[in-house]
Structure formats: structure tokens, C-alpha cells
Amino acid sequence: MSLFSPVEMAPRDPILGLNEAFNADPREEKVNLGVGVYYDENGKVPLLRAVQAAEEARVAEHAPRTYLPMEGLAPYDLAVQKLLLGADSALLSSGRLITAQSLGGTGALKLGADFLYRLSGKRLVAISDPSWENHRSLFEAAGYEVVTYPYYDPATHGLNLQGMLQGIEQLPEGSVVLLHACCHNPTGVDLGVDEWKQVIEVVRKRNHVPFLDIAYQGFGDNLEEDALAVRLFAEAGLPCLIASSFSKSFSLYGERVGALTLITETPEEGERVLSQLKRVIRTNYSNPPTHGAKVVAAVLNNAELYAIWEQELAEMRVRVKQMRQALVEKLQAAGVQQDVSFIQQQRGMFSFSGLTREQVARLAEESAIYAVGSGRICVAALNDNNIDVVANAMAKVLL
Ligand code: PLP
């Protein structure tokens, strides 16, 4: 018997499994709405102009490939802080902000999870119902018990605020509460100022540990307004962890550019926190990769490139919104009687379409249109060439 003969097959990742089924489908007009990636109007993942300019400059430098510090590239970490807290935030120069470059937003979540687990023995985390699938798996793999708090109300296709507040209130004191700062994945349902303030009060009252996940900054309203939750938590003076990602906003998925930022109470506390965070990093992967962070830092720290990037990000955001509107109009034109206007209100790359598991299965079977079983569709995968096919197929299963 070999060492590996008892190894059982792991369950297939639901979304990657979907891609396999999509790739194997021979039908020509097939559409993959299961992805978590922004596609442009030609159905391609864009290479942003700002990124290309920064990359060309970097290659021309012929710089040696040394190690980065454990916490990553300093100008990158600083630029992350500015983007999250605002360029005029007093926290920037306070010594209380600690940022470590991470392997995407996923890496930031894992760093934060490991850090809290090792330091304070945190063992319970609450995630929204529903949430990004990997939240549960990631925290479970880090040793946590994962529970949920109510979030989405299927009846209104909106937020179940009372359920959310009660759910968070009822958690054992000092629980880790994972919150999507903007463009909630998968529902596209976000909180407004007053709603965030109520959540903050419950978190404060129960001494919970807020852990904000912001993977879509710039895809809701704009960079500043999408940072609302982060800034409200900062204003409230609560200690806080923030996992951020440039995968989507820079279209740099494979470069793994993210960051974990912590708001601490004093500079001295910040120093201690950073020293422990470095230990987590050192014992996991030692130090982060260079390329993505250099490129992002070059764009964020150069006024001209920043302006180009902001424009490109706005183009992506506007295109998704246009596709939402077109989908709603085309569904109605195809005879769908139900109110589908919520698709237009949802924010970010996804729509929680309300399609049932059976309807999703029919879409794949009858029309070669692939969506996540929960009904999540990636609006950013729609374009002028496939939207009619999608709207008509959706209408067929909804009628
Ligand atoms: N958090 C949420 C809510 C996400 O949707 C994603 C990506 O899909 C991530 C984190 C992780 O992003 P990254 O690809 O940067 O690891």
C-alpha cells in the first residue's frame, strides 16, 4: 500500500467544476456566467493601459530580483492605506495603521485569520448568509468554527438589516465578524451609512472583532464611496482588520496583489502587531512576490497613471451597470412578468438573480448558459454579443 493510497478525492470546487463543465460543452453559443472575473465588451479579460505602461517601465529598468521585506513593498503598503482610508486621513501618519502586502485578497484573509488565531485564540467567526464560498473554507482551514449571520432577504432581494443586527448581537462576545465592505459577493446587496452605523454599534457593544473584506473597491459607486465602511469603522475608533484586493480593480488576477491592513490603538501597539504579523508571513511564505505590487504602486503613486487607471476602472463599472440595465429591459421585453428591477440595484460584478437551482440546471442543459447553483450570475461576463441569448434563455426558465 502506498502512502497516498488512502487519500480520498476532495469534493470539486463548485465554481471551478462549473468551468470544467463549460469547457467541455461543445455548443457554440455557450456562455459562462459562473466566473468571478471582469470581461470587457469583447468577452476578454482586459490588460489595463495603466498596468501596461507601468509594466513596460518596469521591464525597461532591468532591475535585480531581490527579496521584498516580509510585509511587502513600502510604497505599495502606503498606497493601499491611502486608498482605503482616504489621502487626507490622520491615521496615515499616526503609526497606528499596519499593512502587509498579501497574496491577493484571499492571502490577506488567511493572514488575518492566522494572526487572530495565534494571538488571541479567536476560534469563532461569523460570515454573512450567503457569502463568498471560500470564506467558510478558508476560516475552517485556519481552525475556526464558522457560523453565519442573516444578510439577504430573498423576499425583497435586499438586506435583512434587523436579522443581521440581531444575528451579530447574539454571537458570543468577542467573535470575529466578517463583513463585505462593498459589492457583496454573491448578492450585490450593500449597506448604506445608517445601516453601517447600526452594525458598528452592535460590534462595539459586543466587543466583536470586525474583519472587513473589500475585494471590489471601485465597482460600486467609485473608489472613495466604496470605502465608506472602512472609513466608518476607522472613525468609530474600533480596532479593525481589512483584507483588500487589486485582482479585480487592476485586472491583475494572477499576480496576487492584495493587502491586510490593521487599525491599532497606538503606534506602540502597531509595532507589536506588525512584529507578530511578520512571524505569520515568515512561517508561511517568507515574503511576497514583487511584480504585481511594483506595478500597482507605480500606478497609485503617479498622478498621470492614477488618472488613467481611475478612468479605466470607471469604464468597467459603467459597463457592468449598462449590462444590468440591458438585462432587465431584455427580460421584460421577453415577457418576464416578475419584478426583476432588483438586478439593476445590485452592486458590483454579480447579480443574485433569484434563479433557483433547477432553473440554473435548465439554463445549462437547454441553452449552454452556466451560472452558479445559488443563482449568482456574473454581470461582467455579459456583452452585446451574448446578452440576447442569455436574456431569452433566462426568460424561458422564468416564464
Ligand atoms: N473576497 C471576496 C468577497 C471575493 O469575491 C474575492 C474574489 O473573488 C476575494 C475576497 C479574493 O480575491 P483574490 O482573487 O484577490 O484573492
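What you see is a predicted model; the values in this text were computed from it and never measured.

A. Structural context of the overall build of the protein. Scanning the protein from terminus to terminus reveals 14 helices and 13 strands. The C-alpha atoms of the protein give 21 Å as radius of gyration, which agrees with the globular expectation for 399 residues (21 Å, within 12%). Seen along its three principal axes, the alpha-carbon backbone of the protein occupies a region of about 65 × 60 × 55 Å. Buried residues in the protein amount to 45% of all 399 residues. Sequence separation of 24 or more characterises 75% of the internal contacts of the protein that already satisfy a separation of 6 or more.

B. Layout of the site of the ligand. Within the structure, the ligand sits among Gly36, Gly104, Gly105, Thr106, Trp132, His180, Asn185, Asp213, Ala215, Ser245, Ser247 and Gly258. In terms of residue count, the dominant contributor to the shell around the ligand is helix α4 (residues 104–120) (three residues). Looking at the shell around the ligand residue by residue, the class counts come to two nonpolar, nine polar and one charged.

C. Structural detail: the nonpolar core. Formed by 117 residues in total, the largest nonpolar core has its most connected members in Leu212, Val230, Val296, Val299 and Met349. If one sorts the elements of this core by residue count, helix α11 (residues 303–333) sits on top with nine residues. Apart from the residues within four sequence positions on either side, Val299 is in contact with Ala50, Val51, Ala54, Leu305, Tyr306 and Trp309.

D. Structural detail: the environment of Arg136. Along the chain, the position of Arg136 falls in helix α5 (residues 133–141). A C-alpha to C-alpha distance of 9.0 Å links Arg136 and Val125, two positions 11 residues apart in sequence. Apart from the residues lying within four places of it in its own chain, the contact partners of Arg136 are Ile127 and Val146.

E. Looking closely at the sheet that holds strand β8 (residues 209–214). A sheet is described by the order of its strands in space; here seven strands give the open sequence β2-β10-β9-β8-β7-β3-β4, paired in mixed fashion. Strands at the two margins of the open sheet, each flanked by one partner only, are β2 (97–103) and β4 (145–150). Taking each pair of neighbouring strands and ignoring which way they run, the sheet shows an average axis angle of 25 degrees. In terms of strand pairing, strand β7 (residues 176–180) meets β8 through five bridges, oriented parallel.

F. Expanded view of the packing of helix α2 (residues 49–61) against helix α10 (residues 291–300). The interhelical angle for the contact between α2 and α10, taken along N-to-C directions, is 115 degrees, at an axis separation of 9 Å. Put simply, α2 runs roughly perpendicular to α10. Relative to α10, the crossing made by α2 is right-handed. Facing α2, whose interface residues are Ala50, Val51, Ala54, Glu55, Ala57 and Arg58, α10 presents Lys294, Val295, Ala298 and Val299. Split by residue class, the contact of α2 with α10 holds seven nonpolar, no polar and three charged.

G. Structural view of the environment of Asp384. The residue Asp384 is located in the loop between β13 (376–378) and α14 (387–398) in this model. For Asp384, a count of 12 C-beta atoms within 10 Å translates into the label exposed. Taking C-alpha positions, Asp384 is 21 Å from Lys248, a pair spaced 136 residues apart along the chain.

Conventions and cut-offs
Residues numbered from 1 in each chain as written. Predicted model: local features only at pLDDT ≥ 70, side-chain atom pairs only at ≥ 80, totals over all residues. Helix = DSSP H or I, 4+ residues; strand = E, 2+ residues; numbered from the N terminus. Rg over C-alpha atoms; globule rule 2.2 N^0.38 Å. Buried ≥ 20, exposed ≤ 12 C-beta atoms within 10 Å, placed from the backbone. Contact = placed C-beta atoms within 7 Å. Near = placed C-beta within 6 Å. Nonpolar A, V, L, I, M, F, W, Y, C, P; charged D, E, K, R; others polar. Core = buried A, V, L, I, M, F, W, Y, C linked by C-beta atoms within 7 Å. Pairing = 2+ DSSP bridges. Axes fitted to C-alpha atoms, helices over the stretch in contact; angles between N-to-C directions. Parallel < 35°, antiparallel > 145°, perpendicular 65-115°, else oblique. Left-handed = near helix turned anticlockwise from the far one by under 90°.

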